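These are the residues of each chain, in order.
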Amino acid sequence: MEEKKLTMKDYVIETPAAVLANIDRSEALTASLLDEFLEGNYHRILLVACGSSYNGCLCARAFLHHILGIRVDLVSPFTFVNYEDEFDEHDLILVVSQSGRSTNSLEALNHIRKYGHRTVGLTGNTESPMKDACDLVTDWGAGIEKVGMVTKGVVTLALYLMLFGLEAAIKTGRISLEQYEYWKDEMRKCMKAHEQLQASTFAFIDTHRKDLLSMHNVWTVSAGTNLATAVEAALKIGESVKVHAAAYEAEEFLHGPVYPMNPDYTVIFYDSNDNKTSARIHQIYQAAKAVTDRAYIVTDQRTDDPDAIRTGVHVQELLNPLAYLAVAPLLAEYVQETKNTDYHPLNKRFREIITVKAK
């Protein structure tokens with residue numbers, strides 16, 4: 001019997017169960033990295049990652065800083081190796097690659113080792129080439145995804161980093177047991193929101209098929225932690241649907257990027273769900289609808305707006321991405337599978353010239 005072809009949708013649907021299981025085994029899952037952190041007396045965390053791994057780190061960065069009270073920086077491997085490689089013995093450098101085969105991540109590890117610094121890798125595949133380049137390599141609990149445009153891996157990476165921060169915070173006395181349990185409960189609540197957003201997205205697809213199948217210029221807009229969600233959404237849509245897609249912070253969107261907007265543009269707004277910027281995002285969303293009928297919003301606010309994808313579960317704003325990452329892959333997967341989108345023929349030669357994955 002032919003093996004079922006898995007799609008992004010399958011992995012999105014699998015995500016809540018994987019997340020809940022990882023929350024329950026949080027201490028064991030993060031043990032090796034936690035030992036490294038505690039024994040190393042580190043004062044800063046430097047995350048080195050690219051693509052969806054970069055975005056997963058971006059989704060977790062604010063929570064890590066909040067829960068640990070230390071500086072958390074994020075940089076791409078190429079920039080790290082060539083321009084921003086300042087670090088010392090007090091920096092925990094985590095090189096992140098779900099496949100463990102990204103050539104720029106392996107280069108970053110070799111660069112770190114050249115200076116005699118500890119090399120630590122986070123991956124979804126501990127049997128990948130990354131294991132030979134690291135003093136410590138740890139699996140963040142994603143499992144193997146057979147679709148190149150990873151989805152479950154992004155959420156489980158963000159979760160892993162959050163759980164690591166949570167375990168480190170309670171071990172060092174930064175938070176109480178009550179606070180520790182509060183954050184775990186909020187993470188579990190995110191999966192209820194994730195499932196509701198899945199259902200709302202499927203309903204949205206049913207009523208917006210023509211618009212989705214004809215989109216060619218896409219913006220994703222947000223603020224706060226959901227800006228990271230918007231960045232990952234733009235990547236997923238661009239690499240899957242093969243259209244131009246870009247992410248912007250809500251206010252920055254108004255200062256130049258908005259100028260080309262016309263009725264053909266698709267603009268997806270992600271509510272920040274906080275008291276600081278949520279109202280402004282909704283205001284910009286309504287203004288965009290005056291230009292294009294392809295303006296949509298993802299929110300937890302009660303609304304009858306047919307262009308809204310929503311959940312009735314309000315999650316702690318630092319954890320937003322754990323829930324809201326559900327939406328874009330489902331939209332992208334629908335268009336990709338329906339239109340059978342593929343690379344432009346000339347793109348094949350480009351990918352033959354440029355190598356980005358080790359064997």
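Residues numbered from 1 in each chain as written. Predicted model: local features only at pLDDT ≥ 70, side-chain atom pairs only at ≥ 80, totals over all residues. Heavy atoms only, no water.

Among the nonpolar cores identified, the biggest contains 87 residues, and Ile45, Leu68, Leu161, Met187 and Leu322 are the most heavily contacted of them. Core analysis: the next-biggest nonpolar cluster, separate from the first, contains 18 residues, Ala223, Ala250, Tyr265 and Ile281 among them. (Core = buried A, V, L, I, M, F, W, Y, C linked by side-chain atoms within 4.5 Å. Buried < 20%, exposed > 50% of the residue type's maximum accessible area, 1.4 Å probe, protein only.)

Inspection of the entire model under this criterion finds 11 aromatic pairs. When the ring of Phe204 is compared with that of Tyr296, the centres are 4.9 Å apart and the planes differ by 85°; the resulting orientation is edge-to-face. One end of the pair, Phe204, is in helix α8 (residues 177-207); the other, Tyr296, is in strand β9 (residues 295-299), and 92 residues separate them in sequence. We classify Phe204 as buried; its relative accessible area is 3%. A centroid spacing of 5.1 Å and a plane angle of 75° characterise the contact between Trp219 and Phe253, whose relative ring orientation is edge-to-face. Taken as a pair, Trp219 in strand β6 (residues 217-222) and Phe253 in helix α11 (residues 250-253) lie far apart in primary sequence, 34 residues in all. (Phe/Tyr/Trp six-rings, centres within 6.5 Å; stacked < 30°, edge-to-face > 60°. Helix = DSSP H or I, 4+ residues; strand = E, 2+ residues; numbered from the N terminus.)

The next point concerns the pairing of strand β8 (residues 266-270). Of all five residues in β8, five are buried, a share of seventy percent or more. Of the two faces of β8, the one holding Thr266, Ile268 and Tyr270 and the one holding Val267 and Phe269 are both buried throughout. Summarising the sheet, β6 and β8 pair through four bridges and their orientation is parallel. Pairing of Val218 across the sheet is with Thr266, part of β8. When β8 meets β9, the two strands line up parallel, connected through four bridges. Counterpart to Val267 in the pairing with β9 is Ala295. (Pairing = 2+ DSSP bridges.)

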